[in-house]
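Residues per chain are reported as follows:
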Amino acid sequence: ANRRRNLPRVQNVTHFTLTEAKPYHCGQMVRLLRKEHRNALIAMGVDQHRQLRTCFDGSAMRKAWMIDGKLAGLGGVLGTQLSSAGYIWLAVSEQATRYPVTMVKTAREQLNEIMQTKRLLITTIYQDDKASARFAKAMGFAMEKGDENHSTWVLRREIAERRAA
C-alpha cells in the first residue's frame, strides 16, 4: 500500500497546436461550431458550410487550431497578401471555449503575426453573439458601425505600434 503512494501521479496534459488549415477542415468545423455562431448563420439564412468554405477559399492565410489533435478552431484573413487591410474570420468549437486563456493567447499571437503586414483588420459580428463581441474587444477591436443584424469591428495598428509589438 505504501508503494502506491510514492508513485508519481500521471496528469492529463492538453496539447494545443496551430497548423495550416486544409479544405476538409471546413466541413469538420461546421459540425463543431459554437451554438451562437451556428444560430447566427441560420438567422441570416446562410448555408454554414458554403460560407465557411467561401471564407477559406478567399483567404491568403488560414490556420487550424487543434486541441489534442482534434479540430477546435479555424480562421483566416480574406484579401491579398499585398493589401494593407484584411477581413479576418474565426470559427471556434464549444471545446475551444473551455480554454479561454489559451484561446486568447493564441489569437493574440496570430494577430501580432498578421499585423506585421496589415495595418487594418475588419471583422463582422452578428448582434446576438455577445461572446464574439467580448472576444473581439479583448483582442483590441473596436465597434465602428452596425445595423439591426450585425456590427463591424475594426482593429487599426499604426506602423510605430507594430514595431513595438
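Residues numbered from 1 in each chain as written. Predicted model: local features only at pLDDT ≥ 70, side-chain atom pairs only at ≥ 80, totals over all residues. Heavy atoms only, no water.

*Asks:* Please explain the overall build of the chain as it appears in this structure.
*Replies:* From N to C terminus, the chain includes 7 helices and 7 strands. Along the chain, helices and strands appear, N-terminal first, in the series α-β-α-α-α-β-β-β-α-β-α-β-β-α. Counting over 165 residues, the chain shows a buried share of 36%. Counting every atom, the chain has about 10,600 Å² of accessible surface; 51% of that belongs to carbon and sulfur. (Helix = DSSP H or I, 4+ residues; strand = E, 2+ residues; numbered from the N terminus. Buried < 20%, exposed > 50% of the residue type's maximum accessible area, 1.4 Å probe, protein only. Areas by Shrake-Rupley, 256 points an atom, 1.4 Å probe, with all protein chains shown as cover.)

*Asks:* Got a minute to help me understand the nonpolar core in this structure?
*Replies:* In terms of nonpolar packing, the biggest core is built from 21 residues, with Ile88, Leu111, Leu121 and Phe141 touching the most fellow members. For this core, the elements supplying multiple residues, two or more each, are strand S2 (59-67), strand S3 (70-78), strand S4 (85-92), helix H5 (100-114), strand S5 (120-126), helix H6 (130-138) and strand S7 (150-156). Broken down by element, this core gets its largest block of residues, 4 residues, from H5. Other than its neighbours up to four places away in sequence, Leu121 contacts Val77, Gly86, Ile88, Leu111, Ile114, Met115, Phe141, Trp153, Val154 and Leu155. Counting residues in hydrophobic clusters, the runner-up holds 15 residues, among them Ala21, Cys26, Leu33 and Leu52. (Core = buried A, V, L, I, M, F, W, Y, C linked by side-chain atoms within 4.5 Å. Contact = heavy atoms within 4.5 Å.)

*Asks:* When you look at the packing of aromatic side chains in this model, what are you seeing that I'm missing?
*Replies:* Each aromatic ring pair is specified by the distance between its two centres and by the angle formed by the two planes. By the definition in use, this model includes 2 aromatic pairs. Geometrically, the ring pair formed by Phe16 and Trp65 is stacked, given 5.7 Å between the ring centres and 15° between the ring planes. Taken as a pair, Phe16 in strand S1 (residues 16-20) and Trp65 in strand S2 lie far apart in primary sequence, 49 residues in all. Given the relative accessible area of 29%, Phe16 is considered partly exposed. An angle of 80° between the planes, with centres 5.1 Å apart, marks the rings of Phe16 and Tyr99 as edge-to-face. With Phe16 in strand S1 and Tyr99 in the loop between S4 and H5, this residue pair connects regions lying 83 residues apart in the sequence. Classification of Tyr99 as partly exposed rests on a relative accessible area of 25%. Sitting over the face of the ring of Phe56, Arg62 holds its NZ or CZ atom 4.2 Å from the ring centroid. (Phe/Tyr/Trp six-rings, centres within 6.5 Å; stacked < 30°, edge-to-face > 60°. Lys NZ or Arg CZ within 6 Å of the ring centre and 35° of its normal.)

*Asks:* Looking at this structure, I do not really get the pattern of salt bridges. What am I missing?
*Replies:* Pairing is possible between side chains that carry opposite charge, provided their charged atoms lie close to one another. If you walk through the whole model with that rule in mind, you get 3 salt bridges. The salt bridge partner of Arg34 is Asp129, with a shortest N-O separation of 2.6 Å. Here Arg34, found in the loop between helix H2 (24-32) and helix H3 (35-43), pairs with Asp129, found in the loop between S5 and H6; they are 95 residues apart in sequence, far enough to count as distant. Assigned by exposure class, Arg34 and Asp129 land together as buried. Each of Arg34, Glu36 and Asp129 takes part in one network of salt bridges that share partners. (Salt bridge = Lys/Arg side-chain N within 4 Å of Asp/Glu carboxyl O.)

*Asks:* What's the story with the environment of Arg50 in this structure? I'm lost.
*Replies:* Note that Arg50 resides in helix H4 (residues 48-57). According to the relative accessible area criterion, Arg50 is exposed, its value standing at 58%.

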